[in-house]
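Report on the structure
Each chain is listed here by its residues.
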Amino acid sequence: MAADPDGHRATTVEQGRFCVARCTCGWRGPARRARSLARTDAEGHVVGGGGRPGHLRQND
């Protein structure tokens, strides 16, 4: 799990054959077949300040 001081806590979740990065802020990355890519998405979200172009954000 990746975390930053602003409260973003990103982790990965498996969905069938795919792995998705998700954050407590509602952000989620694209479905990936490789867990390592999903982890990289999660780390990039946290380090990048909470969002990256091309990634999805879940609106609650």
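Let me begin by describing the structure that accompanies this report. Since the model is a prediction, treat every value here as computed from it, not as a measurement.

So, about the nonpolar core. Listed in full, the six residues of the largest apolar core are Ala10, Ala21, Cys23, Trp27, Ala42 and Val46. Beyond its immediate sequence surroundings of up to four residues, cysteine 23 is in contact with His8, Arg9, Ala10 and His45.

What follows deals with the pairing of strand 3 (residues 18-23). Direction of pairing for strand 2 (residues 9-15) relative to strand 3: antiparallel, over a ladder of six bridges. Within the sheet, the bridge partner assigned to alanine 10 lies in strand 3 and is cysteine 23. Linkage of strand 2 to strand 3, two consecutive antiparallel strands, is achieved through a turn of two residues, within which glycine 16 is found at a positive phi near 65 degrees.

It is worth spelling out the pattern of salt bridges at this point. Side chains that differ in charge, positive against negative, can pair when their charged atoms come close. Enumeration according to the criterion identifies two salt bridges in this entry. The salt bridge involving glutamate 14 is made with arginine 35; its shortest N-O contact spans 2.7 Å. Here arginine 35 lies in helix 1 (residues 35-47) and glutamate 14 lies in strand 2, a separation of 21 residues in the sequence. The closest approach of N and O atoms between arginine 32 and aspartate 41, which form a salt bridge, is 2.9 Å. We classify arginine 32 as partly exposed; its relative accessible area is 24%. We classify aspartate 41 as buried; its relative accessible area is 3%.

This brings us to the environment of alanine 38. You can see alanine 38 is positioned in helix 1. Residues alanine 38 and valine 13 lie 25 residues apart in sequence; the distance between their C-alpha atoms is 8.8 Å. Here alanine 38 is in contact with Thr12, Cys19, Val20, Ala21 and Arg32, once residues within four sequence places are set aside.

About the cut-offs
Residue positions are given per chain, counted from 1 along the sequence in the order it is written. Reporting of local features is limited, given that this is a predicted model, to residues whose pLDDT is at least 70; pairs of side-chain atoms are given and counted only at 80 or more, and all residues count toward the totals for whole chains, interfaces and linings. Excluding hydrogens and water, the side-chain figures rest on all heavy atoms present in the structure. Nonpolar core, defined: a set of buried Ala, Val, Leu, Ile, Met, Phe, Trp, Tyr and Cys residues in which side-chain atoms within 4.5 Å join the residues together. Classification of residues uses two cut-offs on accessible area relative to the type maximum, computed with a 1.4 Å probe and protein chains only: under 20% is buried, over 50% is exposed, and between them is partly exposed. Should any heavy atoms of two residues lie within 4.5 Å, those residues are considered in contact. Note: two strands are recorded as paired if DSSP finds a minimum of 2 bridges between them. Here a helix means four or more residues in a row that DSSP labels H or I, a strand means two or more in a row labelled E, and each is numbered from the N terminus. Any Lys or Arg side-chain nitrogen found within 4 Å of a carboxyl oxygen on Asp or Glu counts as a salt bridge.

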